[in-house]
Amino acid sequence: MRKSTNEKQTSQAIVSRRTLLVGGIQAGLVGVLGARMHYLQVQESDQFRFLAEENRIKISLIPPARGQVFDRTGRPLAQNVQSYRVTITREDAGDIDETIARLGQLIQLDPELVAEARVELKKRRGDTQVTIAEKVTWEELARVAANAPALPGIEPQVALSRHYPLGADFTHVIGYVGPVSDYDLSRIENPDPLLNLTRFQIGKTGLEAREEEELRGKAGTMRLEVNASGREVRELGRQEGKPGADIQLTIDHMLQNYVQARLGSESAAAVVIDCESGDLLAIGSSPAFDPNLFVNGISVNDYNGLIEDDHRPLVSKSVQGTYPPGSTFKMVTALAALEAGIVSSEDTYRCKGHLEVYSQKFGCWKRSGHGNVDLVRSLRESCDVYFYELALETGIERISEMARRLGIGERHDIPMSAVAEGLAPTKEWKNRVKGEDWVIGDSVNASIGQGFVLASPLQLAVMTARLATGRAVTPRLIKTIDGVEQPSGAGAPMGLNENHLRQIRKGMYEVVNHGSGTARGSRITSPDHQMAGKTGTSQVISRRVKCDEVPWRQRDHALFVNYAPYDNPRIAVSIVVEHGCGGSSTAAPIARDITLQALYGEDPPLSAYPARDRGRISAQQKRLREMRPPVQGEEPERA
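Since this is a predicted model, take the numbers as computed values, not measurements. The written sequence of each chain sets the order in which its residues are numbered from 1. In keeping with the model being predicted, local features are shown solely for residues with a pLDDT of at least 70 and side-chain atom pairs are shown and tallied solely at 80 or more, while totals for entire chains, interfaces and linings include all residues. Hydrogens and water are ignored here; the side-chain numbers use all heavy atoms of the structure.

Draft legend 1. Here's a closer look at the overall build of the protein chain. Secondary structure elements follow DSSP: runs of H or I of four or more residues count as helices, runs of E of two or more count as strands, with numbering from the N terminus. A count of helical and extended segments in the protein chain gives 23 helices and 21 strands. A compact globule built from 639 residues would reach a C-alpha radius of gyration of about 26 Å, whereas the protein chain, at 36 Å, exceeds it by more than 25%. For the protein chain, the C-alpha atoms occupy an extent of roughly 145 × 65 × 45 Å along the three principal directions. Here the protein chain, with 639 residues, has 50% of them falling under the buried criterion. Residues count as neighbours in contact if any of their non-hydrogen atoms are within 4.5 Å of one another. Nonlocal contacts in the protein chain, meaning residues at least 24 apart in sequence, comprise 71% of its contacts between residues at least 6 apart. Computed with the Shrake-Rupley method and a 1.4 Å probe, the accessible areas treat only the protein chains shown as cover for residues. With the model as given, the accessible surface of the protein chain reaches about 30400 Å², and the carbon-plus-sulfur share is 48%. When the 78 positive and 81 negative side-chain charges of the protein chain are each reduced to one mean point, those points stand 2 Å apart. Our radius of gyration is a C-alpha quantity, and the globule rule it is checked against amounts to 2.2 Å times the number of residues to the power 0.38. Burial here depends on accessible area, computed with a 1.4 Å probe over protein chains only, as a share of the maximum for the residue type. Under 20% is buried, over 50% is exposed, and the range in between is partly exposed. Residues scored as charged are limited to Lys and Arg (positive) and Asp and Glu (negative), so that His and the chain ends carry no count. Note on charges: their place is set at NZ of Lys, CZ of Arg, CG of Asp or CD of Glu.

Draft legend 2. Region of interest: the packing of aromatic side chains. Between rings of Phe, Tyr and Trp, where Trp is taken as its six-membered ring, a pair exists when centres lie within 6.5 Å; planes separated by under 30 degrees are stacked, by over 60 edge-to-face, and by other angles tilted. In total, this model carries 12 aromatic pairs according to the counting rule given. Note on F294 and Y303: the rings are 6.4 Å apart at their centroids and 85° apart in plane angle, and the pair reads as edge-to-face. The exposure class assigned to F294 is buried, which follows from its relative accessible area of 9%. The partly exposed category is assigned to Y303, whose relative accessible area is 37%. Geometrically, the ring pair formed by Y349 and Y386 is edge-to-face, given 5.4 Å between the ring centres and 80° between the ring planes. One end of the pair, Y349, is in strand β13 (residues 349-351); the other, Y386, is in helix α16 (residues 384-394), and 37 residues separate them in sequence. The class for Y349 is buried, based on a relative accessible area of 15%. Taken together, Y176, F289, F294 and Y303 form an aromatic cluster joined through their ring pairs.

Draft legend 3. The state of the cysteines, seen in detail. In what follows, a disulfide is any cysteine sulfur pair within 2.5 Å. Tallying each qualifying case throughout the model produces one disulfide. Between the sulfur atoms of C547 and its disulfide partner C581 the distance amounts to 1.5 Å. Separated by 34 residues along the polypeptide, C547 in the loop between β19 (532-538) and β20 (557-564) and C581 in the loop between β21 (571-577) and α22 (583-600) bring together distant segments of the chain. The class for C547 is partly exposed, based on a relative accessible area of 27%. Looking at the unpaired C383, the closest cysteine sulfur is the one in C351, lying at 3.6 Å. On the basis of relative accessible area, C383 is assigned to the buried category, the value being 1%.

Draft legend 4. Up close: the side chain of E208. Secondary-structure assignment places E208 in helix α9 (residues 206-210). Look at E208 and you get buried, because its relative accessible area is 0%. Definition of a polar contact: a pair of N or O atoms within 3.5 Å, with one able to donate and the other able to accept a hydrogen when the atoms are protein atoms, and with sequence-neighbouring residues admitted only if both atoms are side-chain atoms. Of note is the side chain of E208, whose polar atom sits 3.0 Å from the side chain of R66. What E208 contacts, discounting residues up to four positions off in sequence, is R66, A78, R162, Y164, I174, G175, Y176, V177, G203 and L215.

Draft legend 5. Structural detail: helix α4 (residues 96-106). Every buried residue of α4 is accounted for by I96, T99, I100, L103 and L106. One side of α4 carries all its buried residues, which in axial view fall inside an arc of 110°. If you follow the buried residues of α4, they end up packed against β3 (76-89), α3 (90-93), α5 (111-123), β4 (129-134), α6 (138-146) and β5 (154-163). The backbone nitrogen of D97 lies 3.1 Å from a side-chain oxygen of the residue at the head of α4, namely D95. Note: the arc covers the axis-to-C-beta directions of the helix.

Draft legend 6. Fine view of unusual backbone geometry. Look at the link from S286 to P287: it is a cis peptide, with omega at -5°. Assignment of secondary structure puts P287 in the loop between β12 (280-286) and α12 (292-295). Phi is positive for D482, close to 50°, though the residue is something other than glycine.

Draft legend 7. Inspection of the environment of G409 at higher detail. On the secondary structure map, G409 appears in the loop between α17 (396-405) and α18 (427-433). When its relative accessible area of 16% is taken as the criterion, G409 is described as buried. Taking C-alpha positions, G409 is 36 Å from G297, a pair spaced 112 residues apart along the chain.

Draft legend 8. Spatial organisation of the nonpolar core. Core analysis: the biggest nonpolar cluster contains 91 residues, and L249, Y386, L406, M463, L467, L477 and I504 have the highest contact counts within it. Apart from residues no more than four positions distant in its own chain, Y386 is found in contact with V343, D347, Y349, V373, D374, L375 and S378. Residues A268, A282, A564 and V577 belong to the second largest nonpolar core, which totals 34 residues. Here, the term nonpolar core denotes a set of buried Ala, Val, Leu, Ile, Met, Phe, Trp, Tyr and Cys residues that are joined through side-chain atoms within 4.5 Å.

Draft legend 9. The arrangement of a nonpolar patch on the surface in detail. Where nonpolar side chains cluster on the molecular surface, the patch consists of Y303, I307 and L314 and spans about 250 Å² of accessible area. Mapped onto the secondary structure, I307 falls in helix α13 (residues 300-307). Taking the relative accessible area as the measure of exposure, I307 reaches 45% and is therefore partly exposed. Patches here: salt-bridge-free residues with over 30% relative accessible area, like charges joined within 9 Å, nonpolar side chains (Val, Leu, Ile, Met, Phe, Trp, Tyr) joined within 5 Å. Salt bridge, as used here, is a side-chain nitrogen of Lys or Arg placed within 4 Å of a carboxyl oxygen of Asp or Glu.

Draft legend 10. Seen up close, the sheet that holds β20. Reading across the sheet, the five strands line up as β12-β11-β21-β20-β19 and stay open at both edges, with antiparallel pairing between neighbours. Here the strands that pair on one side only, and so sit at the sheet edges, are β12 and β19. In this sheet, neighbouring strand axes are inclined to one another by 5° on average, regardless of whether the strands run parallel or antiparallel. Here strand β11 (residues 268-274) pairs with β12 via six bridges, running antiparallel. Residue pairing for β12: A270 is matched across the bridge by G284. Packed onto the sheet, helix α21 (residues 498-513) meets β19 and β20 and runs at close to 75° relative to β19. Here the rule is simple: two strands pair whenever DSSP picks up at least two bridges between them. For helices, the fitted line uses only the C-alpha atoms of the stretch in contact; every axis is such a line through C-alpha atoms, and the angle between N-to-C directions lies from 0 to 180 degrees.

Draft legend 11. Quick look at the pattern of salt bridges. Evaluated as defined, the whole model comprises 33 salt bridges. Residues R377 and E381 are paired through a salt bridge, measuring 3.1 Å at the closest nitrogen-oxygen approach.

Draft legend 12. Inspection of the environment of M331 at higher detail. Mapped onto the elements of the fold, M331 is located in helix α14 (residues 330-339). Overall, the relative accessible area of 0% leaves M331 in the buried class. Separated by 109 residues in the primary sequence, M331 and M222 place their C-alpha atoms 62 Å from one another. When residues no more than four places from it in sequence are discounted, the contact partners of M331 are L379, M463, L467, I504, M508, K534 and V561.

Draft legend 13. Focus on α16. Counting buried positions along α16 gives nine out of 11 residues, so the element sits mostly inside the fold. Among all positions of α16, only D384, V385, Y386, F387, Y388, E389, L390, A391 and T394 are buried. At the C-terminal side of α16, G395 shows a positive phi close to 90°.

Draft legend 14. Focus on the packing of α4 against α5. As a packed pair, α4 and α5 sit with axes 13 Å apart at the nearest point and diverge in direction by 150°. Taken together, the axes of α4 and α5 are roughly antiparallel relative to one another. Viewed along their axes, α4 and α5 form a crossing whose handedness is right-handed. Contacts between α4 and α5 pair I96, D97 and I100 from the former with V114, R118 and L121 from the latter. Per-class residue counts for the contact of α4 with α5 are four nonpolar, no polar and two charged. Geometric relationships in this document are graded by angle, where less than 35 degrees denotes roughly parallel, more than 145 denotes roughly antiparallel, 65 to 115 denotes roughly perpendicular, and other angles denote oblique. Note on convention: the crossing is left-handed when the near helix lies turned anticlockwise from the far helix by less than a right angle, right-handed when the turn is clockwise. Residues are grouped as follows: Ala, Val, Leu, Ile, Met, Phe, Trp, Tyr, Cys and Pro are nonpolar; Asp, Glu, Lys and Arg are charged; every other residue, Gly included, is polar.

Everything listed here is a matter of geometry and, on its own, says nothing about what the molecule does.
Right, here's the structure in full:
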């Protein structure tokens, strides 16, 4: 049946509208696409040209040379040497196992480092280079380079690595560097991109850690053209970075070597400070270890050997260790009493061998007693009862305030690890920390450097320098940074009564030079170099014991502090020998030898020693000369 004319016209109209609608939509889409193409090709052409460029240009960081460290004479203490290593890049290597197997046929691979590299390859971005072999020889490096076509993703590299030419002598001062760890990164809020480079070395302890930003420098960048497989074709340009700052220390490497050698196998510490400038001339801690072991990662066996040593070689005892200062603290108690007007140098107390306080007996080291004792004699013969009496009249607040003025209970700002604050206790401190009230026995114990009082060898050296000069001498470890002199530690006058200081110094002089002085055996016989000092023995357990009747760990610590020359102080020295038993027998001879070495700048003449010691000293000098560092200018071993 034929459609009517009207029906045909209606149907044609519907088709025309649909055609126009579809055509309009298509035209709109073409317009949008055209506009988008115009936007991409014209307006955003520069941006997409840059992105295309990035696809074939690789931007690499150029690690800066780490700043070097020198002693006060210019001797290198921490330097950079060439090292050879081999890296692998995951996205270029293809079959990782096969590539590593091929590499293993050319050079010997360390299984531990390979295992570590596998973990790093999975964890890091595919274009990150991961070290798979280090400390390779030049011959091995050349062998890898010659076989490069068969080793995709493998790259031989020449890099800089840290080297400590004087080994253990400066371990506890400079510290050491090591590869960046996840723990290191977790402690840094916005880590430098350099720290993400494989096996990049940063300071872990000591000066290396405290001055990390100065020593690290700033990275440069290098633009490299790479082909489709990711291999570098050519260098397109580079922007050099900034090398780390060179740091010169105040320490004398020859004196530091002597100190370490003289401490020997003792668990001990020694500090030598310049009384005029505050310069630290030596900071010894024994035993020590070779920091080069840590540079590329220490082995498990080597590390276990260090942490299991009961003499604690990893601890810098000179600044981290805190000890009851024993009788070396008596100058603090005496000066506090003098400054408070409680006692004069002529006043005496009677020592019967003990002092009874509220039915409790506090004994003197000399059980028969010293009789009537004045200030100078109390220091010379180290009478405990004299200082017990002073403490009862002076009070702990005045004693602790004087201790802080002399540098005890103060964290000295030097760039070493974990510098201790020590403790000059007060009533408030005990109540806050111990939850107990201060009792009179606490003051009695504190007066002779026992009880709660704690000091580091560094603090004891500062205390001695301040007593010797009357100035607030402040320790300085860094002499210059990139040639710029750092502030002096000479310090301003402390405002202490000079007559009081004179009496303290006289007592210290007689400790060493008087016939009944506790350190008479360690005197210096050279008239121009005579020293003033103070012995100390601090108890480790509460009861008095004979040294040879108890295990090493229960023996008393031996201490000695001194300055010299007596009439023109140039240096101050402190010695702590852990479990060394007696300050006069163990610590004082070490301090005397170090003092003479520092004053003469070389082996002192035997005439500077008491006649009975000269044969032993001659043999000792010969032995220690054999332990001195090589002549400057010798090439360091390649890392």
